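Tertiary structure, described
Single-letter residue listing:
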Amino acid sequence: LIQQNIKIKKKIKKIPLVTAYVAAFIFETLYNLGYKLFPTLFKNEPLLSKMKVQTLTDNWFYDISKAKKDLGFNPKVSYDTGIRKVVDWYLKNE
């Protein structure tokens, strides 16, 4: 949905989860070794980590039906409109 609002046509490349975790392990190990040997060269975190893989693969969608039912919650902005507003704000402020 964000990709549609930005009007970018990118192909999404998928890799198996096991491959991502193995790559993250390798990146973290090399980073840790490099940091111990050359701390001034390794100031930033590794490009890929187990935490990053987990963050990218977790489901970040939440159901608000219980809040609607129990608390009377009624969103002021629809999901699609909210995404469009966030994208517009990001593009103006990047």
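As for its position among the elements, Ser 49 is in the loop between α2 (17-37) and α3 (50-57). Every residue in contact with Ser 49, bar those within four places of it in the chain, is listed here: Ala 24 and Glu 28.

Moving on: the packing of α2 against α3. Following both chains from N to C, one finds α2 and α3 inclined at 150°, their axes separated by 8 Å at the closest point. Here α2 is positioned roughly antiparallel relative to α3, judged by the angle of their axes. Packed against α2, whose contacting residues are Leu 17, Ala 20, Tyr 21, Ala 24 and Glu 28, the element α3 presents Lys 50, Val 53, Gln 54 and Thr 57 at the interface. Tallied by class, residues from the contact of α2 with α3 come to 5 nonpolar, 2 polar and 2 charged.

Counted at 1.5 Å a residue, the expected span for α2 with its 21 residues is 30 Å, and the 30 Å between its end C-alpha atoms agrees. Listed as buried for α2 are Ala 20, Ala 24, Glu 28, Tyr 31 and Gly 34. End-on, the buried residues of α2 take up no more than an arc of 135°, which puts them together on one face. Away from the buried face of α2 by more than 90 degrees, exposed residues Val 18, Phe 25, Leu 30, Lys 36 and Leu 37 are located. Each element contacted by the buried residues of α2 is listed here: α3.

So, on to the pattern of salt bridges. The full count for this structure, using the stated rule, is 2 salt bridges. In this structure, Glu 28 and Lys 50 form a salt bridge, with 3.6 Å as the shortest nitrogen-oxygen distance. Of this pair, Glu 28 sits in helix α2 while Lys 50 sits in helix α3; the two residues are 22 residues apart in sequence, bridging distant segments of the chain. Judged by its relative accessible area of 18%, Glu 28 is buried. Residue Lys 52 pairs with Glu 45 through a salt bridge whose shortest N-O separation is 3.0 Å. Given a relative accessible area of 56%, Glu 45 falls into the exposed group.

Reading the values: the criteria
- Residues numbered from 1 in each chain as written.
- Predicted model: local features only at pLDDT ≥ 70, side-chain atom pairs only at ≥ 80, totals over all residues.
- Heavy atoms only, no water.
- Helix = DSSP H or I, 4+ residues; strand = E, 2+ residues; numbered from the N terminus.
- Contact = heavy atoms within 4.5 Å.
- Axes fitted to C-alpha atoms, helices over the stretch in contact; angles between N-to-C directions.
- Parallel < 35°, antiparallel > 145°, perpendicular 65-115°, else oblique.
- Nonpolar A, V, L, I, M, F, W, Y, C, P; charged D, E, K, R; others polar.
- Expected span 1.5 Å × (residues − 1).
- Buried < 20%, exposed > 50% of the residue type's maximum accessible area, 1.4 Å probe, protein only.
- Arc of directions from axis to C-beta.
- Salt bridge = Lys/Arg side-chain N within 4 Å of Asp/Glu carboxyl O.

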